[in-house]
Amino acid sequence: MRTKNRLVADEVKYFKPELSNCPTCQSKLEYCHTVSKKTISTLDGVKTIVNMGYRCSNAECENGSTVFRSAQAEHLSIKHITYGTDVLAFVGELRFKEHKTRMEIMNILNEHGVVVSERHVQKLYERYTVLLRASAEENSKKILKETVDAHGGIILSMDGVQPEKGNETLYVIREVLSGTILAAKNVKSSSTEELMEFIKPVLEYGFPILGFVSDGQKSIRLAFEKLSPKTPYQYCQFHYLKDIAKPVVDKDRKLKTNIKKKLRGIREIEKKALTEDTLESETTLAYTAAIRSVLLEDGCPPLELPGVKVYEQTKQIKESLEKCLDKKGASCTRKDVQNSQ
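Conventions adopted
- Residues numbered from 1 in each chain as written.
- Predicted model: local features only at pLDDT ≥ 70, side-chain atom pairs only at ≥ 80, totals over all residues.
- Heavy atoms only, no water.
- Axes fitted to C-alpha atoms, helices over the stretch in contact; angles between N-to-C directions.
- Helix = DSSP H or I, 4+ residues; strand = E, 2+ residues; numbered from the N terminus.
- Parallel < 35°, antiparallel > 145°, perpendicular 65-115°, else oblique.
- Left-handed = near helix turned anticlockwise from the far one by under 90°.
- Contact = heavy atoms within 4.5 Å.
- Nonpolar A, V, L, I, M, F, W, Y, C, P; charged D, E, K, R; others polar.
- Pairing = 2+ DSSP bridges.
- Buried < 20%, exposed > 50% of the residue type's maximum accessible area, 1.4 Å probe, protein only.
- Arc of directions from axis to C-beta.
- Core = buried A, V, L, I, M, F, W, Y, C linked by side-chain atoms within 4.5 Å.
- Salt bridge = Lys/Arg side-chain N within 4 Å of Asp/Glu carboxyl O.
- Polar contact = N/O pair within 3.5 Å; in protein donor to acceptor, adjacent residues only side chain to side chain.
- Expected span 1.5 Å × (residues − 1).
- pLDDT = per-residue confidence, 0-100.

**Description of the packing of helix α5 (residues 192-203) against helix α6 (residues 218-227)**
Here's step 1: Between α5 and α6, whose axes approach to 9 Å, the crossing angle comes to 50°. By the angle class used here, α5 and α6 are oblique. By crossing handedness, the relation of α5 to α6 is classed as right-handed. Note on element contacts: α6 touches α5 through Ser-219, Ile-220, Leu-222, Ala-223, Phe-224, Lys-226 and Leu-227, opposite Thr-192, Glu-193, Leu-195, Met-196, Ile-199, Lys-200 and Leu-203.
Here's step 2: Split into classes, the residues belonging to the contact of α5 with α6 amount to nine nonpolar, two polar and three charged.

Structure, rendered in structure tokens:
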């Protein structure tokens, strides 16, 4: 419980070092003093954690001045916060796995008996991301070493995404050969100097760099050139293809728009088919559903043009309809089908 901003423990737990004997001379360890005493909020209640320090009993041992403490006690919380690491991990899970807001996390923690404000939730979230970043950095270095062993070096790419004009831009640095994301940061300014400060920590890993890749943004290119002028730089192939294919993509977009305009009449056909309970009406509804599905085709320009894909697929639907009419010997003419499609 908490009284006037002061935590009152439900229980006091004492911790000794996991070692009982000196690792150097094997003499018995003896209690010397309390290393730390801290009251923390955990998911199991409020606890006071007392970490007791021990020294080697052999006065002539080189470890005589070393104070041994409990690693378990150290892991129960991190410095400068009065919440347990279990609470910290729970906050991370609620935010990243369940996508809860700060207010929702605060309410859930309070329901678990952890007294916390929205401001405290923000601080816990920030501490969690720091721990996560440290862990991710260590894992990234391991992957980069494996990449260097396999290819002789790494290739760095950098790109920025701005959700809306006036907002901060999210820049991401990625290692191309392994696909590993090495850094990500929101920046207010996309100046060469600010981007250089963002890139520097990645270069300081010390791995050999085979080349840089980015889009045509001048500030990114200049940042790479100033930091490592002798490293080859390449314009991203995807962005290059996208730029030279822009006229084709624009025409493809117009093609898709024109096809959609001609197919606006399918809603009326659907309404009419829904009022009837015949094999023909079922077939009609199946064809209209197929057409609607085709119109949702986005493709991936410039490598996959959505307008061309829509044209080819609607052409197949039209040919299928004409075959049905030929087999059925329907009273409506081929021209009627073409007009409706």
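**A look at the sheet that holds strand β8 (residues 180-187)**
Here's step 1: One open sheet holds the five strands; their spatial order is β8-β7-β6-β9-β10, and the pairing between them is mixed. At either end of the open sheet lies a strand with only one pairing partner, and these are β8 and β10 (233-235). Direction aside, neighbouring strands of the sheet carry axes that sit 20° apart on average.
Here's step 2: Looking at chain direction, strand β7 (residues 169-175) and β8 are connected through seven bridges and run antiparallel. Within β8, the position partnered with Leu-170 by the bridge is Asn-186.

**Describing the pairing of strand β4 (residues 29-42)**
Along any regular strand the residues' side chains alternate between the sheet's two faces.
Here's step 1: Inspection of the sheet shows β4 paired to strand β5 (residues 45-56) by 12 bridges, in the antiparallel sense. Paired with Thr-42 across the strands is Gly-45, a residue of β5.
Here's step 2: Connecting β4 to the antiparallel partner β5 that follows it, the hairpin turn spans two residues.

**Description of unusual backbone geometry**
Peptide bonds are trans in most cases, and residues, glycine excluded, mostly fall at negative phi.
Here's step 1: Here Gln-26, not a glycine, exhibits a phi torsion of approximately 65°, which is positive.
Here's step 2: Among the secondary structure elements, Gln-26 is positioned in the loop between β3 (11-15) and β4.
Here's step 3: Classification of Gln-26 by relative accessible area gives exposed; the value is 51%.

**Observations concerning helix α9 (residues 266-274)**
Here's step 1: When we look at burial in α9, the residues that qualify are Ile-266, Glu-270 and Ala-273. The buried residues of α9 occupy an angular sector of 65° when projected down its axis, which confines them to one face. α9 presents Glu-268 and Lys-272 as exposed residues on the side facing more than 90 degrees away from its buried surface.
Here's step 2: Buried positions along α9 lie against α10 (279-295).

**Side note on the nonpolar core**
Here's step 1: In terms of nonpolar packing, the biggest core is built from 20 residues, with Leu-156, Met-158, Tyr-171 and Ile-173 touching the most fellow members.
Here's step 2: Where this core is concerned, the elements lending two or more residues are α4 (118-151), β6 (154-161), β7, β8, α5 and α6.
Here's step 3: Tallying contributions element by element places α5 first for this core, with five residues.
Here's step 4: With residues near it in sequence (within four places) discarded, Met-158 still touches Tyr-171, Val-172, Ile-173, Leu-195, Phe-198, Ile-199, Val-213, Ser-214, Asp-215, Ile-220 and Phe-224.
Here's step 5: One finds Leu-88, Phe-90, Met-106 and Leu-124 within the second-largest nonpolar core, a separate group that totals 16 residues.

**Some thoughts on the pattern of salt bridges**
Here's step 1: Counted under the stated rule, the structure contains 11 salt bridges.
Here's step 2: Salt-bridge contacts for Glu-11 lead to Lys-47; the nearest nitrogen and oxygen are separated by 2.7 Å. Residue Glu-11 is located in strand β3, and its partner Lys-47 is located in strand β5; the two are separated by 36 residues in the primary sequence.
Here's step 3: Take Glu-11: its relative accessible area is 35%, and that puts it in the partly exposed class.
Here's step 4: Of the residues examined, Lys-47 reaches a relative accessible area of 13% and is grouped as buried.
Here's step 5: Between Arg-221 and Glu-225 there is a salt bridge; the shortest N-O distance is 3.4 Å. Taken as a pair, Arg-221 and Glu-225 lie in helix α6 at a separation of four residues, close to a single helical turn.
Here's step 6: Connected through shared salt-bridge partners, Lys-246, Asp-250 and Arg-253 make up one network.

**Details of the side chain of Asn-51**
Here's step 1: Looking at the secondary structure, you find Asn-51 in strand β5.
Here's step 2: A distance of 3.0 Å separates a polar side-chain atom of Asn-51 from the backbone nitrogen of Ser-70.
Here's step 3: Excluding residues that lie within four positions of it along the chain, Asn-51 makes contacts with Phe-15, Thr-34, Val-35, Ser-36, Arg-69, Ser-70, Ala-73 and Glu-74.

**A word on helix α8 (residues 246-262)**
Here's step 1: For α8, which comprises 17 residues, the first-to-last C-alpha distance of 25 Å matches the rise-based estimate of 24 Å (1.5 Å per residue) to within 8%.
Here's step 2: Of all the positions in α8, only Val-249, Asp-252, Lys-256 and Ile-259 are classed as buried. For α8, the angular spread of the buried residues around the axis is 80°, confining them to a single face. Turned more than 90 degrees off the buried face of α8, the exposed positions are Lys-251, Lys-254 and Lys-262.

**A few points about the confidence of the model for the protein chain**
Here's step 1: Residues of the protein chain with pLDDT of at least 70 account for 91%, and the chain-wide mean is 83.
Here's step 2: When the elements of the protein chain are averaged for pLDDT, strand β1 (residues 2-3) gives the smallest value, 44, and helix α3 (residues 102-111) the largest, 93.
Here's step 3: Throughout residues 1-5 the model reports pLDDT below 50, and contacts reaching past four residues in sequence, or to other chains, amount to 10 contacts.
Here's step 4: The low-confidence segment residues 330-341 (pLDDT under 50) makes 14 contacts with residues lying over four places distant or belonging to another chain.

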